[in-house]
Amino acid sequence: MHFILAGLLALGALLDLILGVSFFVDPATAGADFGLHSSTPMGLSAMRGDFTAFFWVAAISMGIGAWKRRGDVLWPALALFAIAFTGRLVNLVVVGDYDGWWQPMTVEALHVIVIALSIKIFPFAGISPADPV
């Protein structure tokens, strides 16, 4: 189970790293894939900075968690994706659906599930699985 979760975390980290790089290098094109459009320097700066930060923090957290098989370093990624999913869910209820609304929510839900399972199963730094809780 550890191997499978680590593999899924690593794949998610790679996806998030690529998304972060795409927002860093070409925020206009990457933003369009997310339904965002900005032709102003301020808007492009926000996409370049905020989306890159979101995806790189998640990728680093998940990458370290997968490599070291540690649950404690996964909390930032869990928080990011749980909040993103919750925001989309609120939008779905308040504003309504749109074409393809389920795709990003599915990706975020899968992130949350894999990360939460990994936090539950992987040990925390300095704690052996045999230590009493």
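Described in the following lines is the structure provided in the data block. (Residues numbered from 1 in each chain as written. Predicted model: local features only at pLDDT ≥ 70, side-chain atom pairs only at ≥ 80, totals over all residues. Heavy atoms only, no water.)

1. Side note on the overall build of the chain
Along the chain, the regular secondary structure elements total five helices and zero strands. Listing every helix and strand of the chain by position from the N terminus yields α-α-α-α-α. Its C-alpha atoms give the chain principal-axis dimensions of about 55 × 35 × 20 Å. Each of the 133 residues in the chain was classed as buried or not, and the buried ones make up 28%. For the chain, restricting intrachain contacts to residue pairs at least 6 apart in sequence, the fraction spanning at least 24 positions comes to 68%. The average position of the 6 basic charges and that of the 9 acidic charges among the side chains of the chain differ by 13 Å. (Helix = DSSP H or I, 4+ residues; strand = E, 2+ residues; numbered from the N terminus. Buried < 20%, exposed > 50% of the residue type's maximum accessible area, 1.4 Å probe, protein only. Contact = heavy atoms within 4.5 Å. Lys, Arg positive; Asp, Glu negative; His and termini not counted. Charge placed at Lys NZ, Arg CZ, Asp CG, Glu CD.)

2. Some points on helix 1 (residues 2–25)
Helix length check: helix 1, at 24 residues, gives a terminal C-alpha distance of 34 Å against a target of 34 Å (1.5 Å per residue), a fit within 8%. All of the buried residues in helix 1 are Leu5, Ala6, Leu9, Gly12, Ala13, Asp16, Gly20 and Phe23. Lining the buried residues of helix 1 we find helix 2 (27–33), helix 3 (41–68), helix 4 (75–94) and helix 5 (102–121). (Expected span 1.5 Å × (residues − 1).)

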